[in-house]
Structure formats: structure tokens, C-alpha cells
Amino acid sequence: MNHSHDTIVAIATPPGRGGVGVIRLSGPDSTAIAEKLCGPLPSPRTAALRSFRDPEGATLDSGLVIVFPGPRSFTGEDVVELQGHGSPVVLEMILAACVDFGARRAGPGEFSQRAFLNDRMDLAQAEAVADLIAAATDTAARAAHRSLEGAFSKEVDGLAEALVALRVWVEAALDFPDEEIDFLADGQVAERVAGLRARQEALLERAGTGRLLTSGVRIAIVGRPNAGKSSLLNALSRHDAAIVTEVPGTTRDVLRETITIAGLPVTLADTAGIRETADRVESEGVRRAEREMHAADLIFWVVDATDPEAHPLPGLPQSVPLIRIDNKIDLSGESPSREGRHVRVSAVTGAGLDLLEQVVTEELGLNESGGGEYSARQRHVDAIALAGEHIRRGQAELDASGSGELLAEELRLAADALGEITGRMTSDELLGRIFSSFCIGK
Ligand code: GDP
Ligand code: ZN
């Protein structure tokens, strides 16, 4: 696991051509290798222009070199950054020269992994580096940056510490059996457990929003043919002209488009129209629509407001919030309006689309400025939910039997679950999986 005895090297800038390309070295031989490549090095954290030479002395490129001595560097080790010209060919030659001088090509995420192992950042912060780089909207980028600076970890640690503090308190009481009865019965412990549970629930909600910022929101648009699904999708993508990313994967039956709603990357899937018929080909379309609905975070059910007939929506999953959208109000003569999860809009005139965005923002638990407080990942959400499960069990044990032992054990398990988020309790196997999903050079 710990490779810190060797020195790694990678191209830190994305593949392709650019004005500048950065190569990063990290490890005990970083400065020695850089010296062989470009001669005497400048003093720490100052840039100097140097020629980069291979072992035969042939000049490969010229550029800036900066030395960051450990432990005050990204990885906590000695780091050297070489800024050459942004040519993939030139950068590869410099990289090869570094390898000739004794460096090893870094694997995916190895720089971040070293930063984590050397306590420069916790696991959630290291993940936030990757999420910041991958951010699809400005809100997502800002949230990832807050996680990178430790806003999310701080809340997780705060709750974990409170769990440990209560556990220690309960265990101390268990050591003094006479006092245990008073102590557990006087309601103070039950109150504190309830307080921890409320805190866990609030954290779960915020992490859930943070997860949406990282992974994006999936919305399935369903409804009968000609209800106006495609028109609505187009209208929304025009309405939110911010950053529109094309997502490949347009299939015969499902058309996807990524737009921005309240700063969230939202992938809208326009499914083939749902019909209530037994026809073979159409029922295949219905199946696909159902699959989309089950995978979605929200469902837009588009209804033609000029259609007097009521058509029930088949195969609706119970677990996914449904927003009913009566479309074509410009034809039906209705005004744009909203009652709960029911809105009236016109995809053609754009009337009511702001109300629709309002419902989406509310359903996804976003704050007024449109964003979450920090970014998070599904694995974090799962860990917080598991912690909540243990707190609830401890609470039930306390209620049912007044058992301090079982409560203490559940509190310990809850704190351990949270420890997985920041990496205090994380197995090598999970660490390997997380860092290997990063890019090389990160
Ligand atoms: P889909 O089959 O559900 O995707 O429906 P389309 O988006 O293809 O729309 C079907 C027809 O209804 C098209 O002729 C659209 O121009 C029209 N349409 C969709 N939305 C509106 C609307 O809000 N107002 C009016 N007047 N026509 C609409
Ligand atoms: Zn359509």
C-alpha cells in the first residue's frame, strides 16, 4: 500500500496540446531527479527557467521548474513541478527522461493517495479533488471546493466525535453499576441519543444534495405521445442556457440531454411515449420508460392539457417523486400555476417553466441560492445512513431494555461507519478501489 519510498512521476495536465504542460514528481528522489534533468534547482516555491535534458545531455524542452519540499506540498513529500510546452510528444519525452533518472510512472490517483496517506487530506477531501475536476456546473464546482477545504469532513467528524463522547459516557456509567440505573433512567442519555439522531438526519439530507451535485440528477420525462415531452425538454434546455453538455447515448427510444437546473447538472431522459396498449412494439417502449423511471431521481409526467380524457400513468414507481406537468396551457387557455407537485406550463411559450424549476429545487432539497453546501458521493450517503441505522438500534435497545451495553455497542458501530467517509476506518481494499478510479496525474 505505502509506496512512499519511491518517487513517482506523471503528466498532470490533460492529454492533448496546450500552451503549457505540467509534469509532477513526488517522492524522496524528486529533487535529485529534477537536478539531473535541469541542473541546479531554484529555492523552494520559486519558479526558475531551465532547460530540460535527457541522460545523453540532449535538450528536450525548456520551461519552469518549482520545488515544493515536504511536508508542505500536495502529497506531503518532496514535489517538483516541471512546466514545459503543452505538446504530448515533448511531455512524454520529459516523462521518459524522469523515468531514466529513476522515477516510476504513477498509477491512477497515486498523488492523491499519497496526500491521504501522509495526512495532507482525508479521504473525502481527496475524493473532492476528483469531483472538483469532474464538476459539470459552477455550483457543483463550488460545492466540491468546499468539500476539498474540509467543510463536509468537519461535519462528519463532528458527529463521529459526539457519538464517541456519548459512548464513553455510557461506558463509564457501566463501570459504576450503582449509578448506572439513575444515569440511564434519568432521560439524559435518551435525550442525547435523540439529539444525535436529529444531527445524523440533517447530515444525511445535506449529503444527499451533495451527492446530486457530484453525480447529477436524473429526470425521466414520461407521458403519452404528443403530450409535449420533447418540446418540454427543448424548452428547458433553452431556458437554462448556462452550460449545456451533450451526452452521447441517444437511443432509438430514449433521448438524453444534460441541462442545468438551479446549478445542478440534470440529465433529462425523454422516453418513448407511454401508451396503455398491449401492442408488442409499444410495450417494449413502455418497459424502457419504466426502467428510466426506476433509475430516476425525479419523474416529469407530461399531460396534454387540451386532452379531455384522463389517462392513468402505468408502472409508476412509488419511491421516486412524481411531478405532474399539464402542458399546452396556451391552447387550453389556463394560466401558469402550481399546486404542490402539480404545475401548468406551456413548452411553446415558456410560461410556467420557472414554477417547474421551483418544484425541482424543492424536491431535491436545494437551498435558496440553488446549491448544496458541499459535494458528497453515494458511498458517503450510504455510510451516514448506516450510522443512522445503528443510532436507531441503540435507541430501541435503550427504550426496550434500558441496556447501556447494547447502546454503547451501536454508538461504536455508528462512529465506525462515519469513519469510513474520512478514511479513518477504511480498508485497504476500499482505498484501492477509490484511488484507482482517479486519473493518472491526480
Ligand atoms: P412528445 O411526443 O410528447 O414528445 O410531444 P412533442 O414534444 O413532439 O409535441 C407534440 C406536438 O405538440 C408538437 O406539434 C408540438 O409542437 C406541440 N406542442 C408541445 N408543447 C406544446 C405547447 O406547450 N403548446 C402548443 N401550442 N403546442 C405544443
Ligand atoms: Zn417526443
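These numbers come from a predicted model, not from an experiment.

The rules we used
- Residues numbered from 1 in each chain as written.
- Chains lettered and ligands numbered in written order.
- Predicted model: local features only at pLDDT ≥ 70, side-chain atom pairs only at ≥ 80, totals over all residues.
- Helix = DSSP H or I, 4+ residues; strand = E, 2+ residues; numbered from the N terminus.
- Buried ≥ 20, exposed ≤ 12 C-beta atoms within 10 Å, placed from the backbone.
- Contact = placed C-beta atoms within 7 Å.
- Pairing = 2+ DSSP bridges.
- pLDDT = per-residue confidence, 0-100.
- Axes fitted to C-alpha atoms, helices over the stretch in contact; angles between N-to-C directions.
- Parallel < 35°, antiparallel > 145°, perpendicular 65-115°, else oblique.
- Expected span 1.5 Å × (residues − 1).
- Domains from an automatic or database assignment.
- Left-handed = near helix turned anticlockwise from the far one by under 90°.
- Nonpolar A, V, L, I, M, F, W, Y, C, P; charged D, E, K, R; others polar.
- Near = placed C-beta within 6 Å.
- Core = buried A, V, L, I, M, F, W, Y, C linked by C-beta atoms within 7 Å.

(A) The overall build of the protein, seen in detail. Helix and strand content of the protein: 15 helices and 13 strands. Across the 442 residues that make up the protein, the buried fraction comes to 41%. Of the contacts formed within the protein by residues at least 6 apart in sequence, a portion of 64% connects residues at least 24 apart.

(B) Geometry of the sheet that holds strand β3 (residues 48–53). What the six strands build is an open sheet, ordered β3-β4-β5-β2-β1-β6; its pairing is mixed. Of all strands in the sheet, those with a lone pairing partner are β3 and β6 (104–105), marking the two edges. Pairing between strand β2 (residues 18–26) and strand β5 (residues 79–86): eight bridges, direction antiparallel. If you follow Gly-18 over to β5, its bridge partner there is Gly-86.

(C) Spotlight on the confidence of the model for the protein. Overall, the predicted model of the protein reaches an average pLDDT of 85, with 88% of residues at or above 70. Ranking the helices and strands of the protein by mean pLDDT puts helix α1 (residues 30–38) first, with 97, and helix α7 (residues 177–185) last, with 60. Low pLDDT, under 50, characterises residues 241–252; the predicted model gives this stretch 15 contacts beyond four residues in sequence or across chains. Quick note on the complex model: pTM equals 0.75, ipTM equals 0.98.

(D) Structural view of the packing of helix α13 (residues 378–401) against helix α14 (residues 404–422). One way to put it is that α13 packs onto α14 with a least axis distance of 8 Å and a crossing angle of 175°. Taken together, the axis directions place α13 and α14 in an arrangement best described as roughly antiparallel. Residue-level contacts link His-380, Ala-383, Leu-386, Ala-387, His-390, Ile-391, Arg-393, Gly-394, Glu-397 and Leu-398 of α13 to Leu-406, Leu-407, Glu-410, Leu-411, Leu-413, Ala-414, Ala-417, Leu-418, Glu-420 and Ile-421 of α14.

(E) Up close: the environment of Met-293. Among the structural elements, Met-293 can be located in helix α10 (residues 280–295). Of the residues examined, Met-293 has 25 C-beta atoms within 10 Å and is grouped as buried. Along the primary structure Met-293 and Arg-50 are separated by 243 residues, whereas in three dimensions their C-alpha atoms are 58 Å apart.

(F) Representation of α13 within the structure. Taking 1.5 Å as the rise per residue, α13 with 24 residues should run 34 Å; its terminal C-alpha atoms sit 35 Å apart, in good agreement. Those residues of α13 that sit buried are His-380, Val-381, Ala-383, Ile-384, Ala-387, His-390, Ile-391 and Gly-394. Among the residues trailing α13, Gly-402 stands out with phi positive, at a value near 65°.

(G) Here's a closer look at the domain arrangement of the protein. Here the protein is partitioned into domain 1 (8–121), domain 2 (133–212 + 377–422) and domain 3 (223–364). Contact with domain 2, which involves seven residues of that partner, is made by eight residues of domain 3. Counting only elements with at least two residues in the side of domain 2 that touches domain 3, the list comes to α5 (138–148) and α8 (188–215). A total of three residues in the side of domain 2 that touches domain 3 trace back to one element, the largest contributor, which is α5.

(H) Representation of the packing of helix α6 (residues 151–175) against α14 within the structure. Two elements in contact, α6 and α14, have axes separated by 9 Å at closest approach and are oriented at 160°. One finds that α6 runs roughly antiparallel with respect to α14. The crossing of α6 and α14 is left-handed. Class assignment of the residues belonging to the contact of α6 with α14 gives a composition of 16 nonpolar, four polar and five charged.

(I) Layout of the site of ligand 1. Close to ligand 1 lie 16 residues, the nearest being Gly-228, Lys-229, Ser-230, Ser-231 and Val-348. Broken down by secondary-structure element, the contributors of at least two residues to the shell around ligand 1 are α9 (229–239) and α11 (329–332). Sort the elements by how many residues they give to the shell around ligand 1 and α9 lands first, with three residues. Partitioning the shell around ligand 1 into residue classes produces five nonpolar, eight polar and three charged.

(J) Inspection of the nonpolar core at higher detail. Counting residues in each nonpolar core, the largest one holds 112 residues, and the members touching the most others are Cys-98, Ile-221 and Leu-418. A total of eight residues in this core trace back to one element, the largest contributor, which is α14. The residues touching Cys-98, leaving out its near neighbours within four places in the chain, are Val-9, Ile-23, Leu-25, Ile-33, Leu-37 and Ala-103.

(K) Inspection of α5 at higher detail. All buried positions along α5 are accounted for by Thr-139, Ala-140, Ala-143, Ala-144, Ser-147 and Leu-148. Among the structural elements, α4 (123–134), α6, α8 and β9 (264–271) are those in contact with the buried residues of α5. At the C-terminal side of α5, Gly-150 shows a positive phi close to 105°.

(L) Looking closely at the pairing of β9. Buried residues dominate β9, accounting for eight of its eight residues. A two-sided burial pattern is seen for β9, the buried positions comprising Leu-264, Val-266, Leu-268 and Asp-270 on one face and Pro-265, Thr-267, Ala-269 and Thr-271 on the other. As judged from the five bridges shared by strand β7 (residues 217–222) and β9, these two strands associate in the parallel manner. Each residue of the ladder has a partner; that of Ile-219, found in β9, is Leu-268.

(M) Local environment of the environment of Glu-155. As for its position among the elements, Glu-155 is in helix α6. Placed 48 residues apart in sequence, Glu-155 and Leu-203 show a C-alpha to C-alpha distance of 7.6 Å.

(N) Just the pairing of β5, in detail. In the sheet, strand β4 (residues 59–68) pairs with β5 via five bridges, with the strands oriented antiparallel. By the bridge assignment, Phe-68 is partnered in β5 with Val-79.

(O) Layout of unusual backbone geometry. Residue Pro-71 is bonded to the preceding Gly-70 through a cis peptide linkage, with omega at 0°. As for its placement among the helices and strands, Pro-71 is situated in the loop between β4 and β5. A positive phi angle, close to 60°, is found at Arg-45, a residue other than glycine. With respect to the helices, strands and loops of the structure, Arg-45 is situated in the loop between α1 and β3. One non-glycine residue with positive phi stands out, namely Asp-119, at about 65°. As for its position among the elements, Asp-119 is in the loop between α3 (110–117) and α4. Classification of Asp-119 by C-beta neighbours within 10 Å gives exposed; the count is 10.

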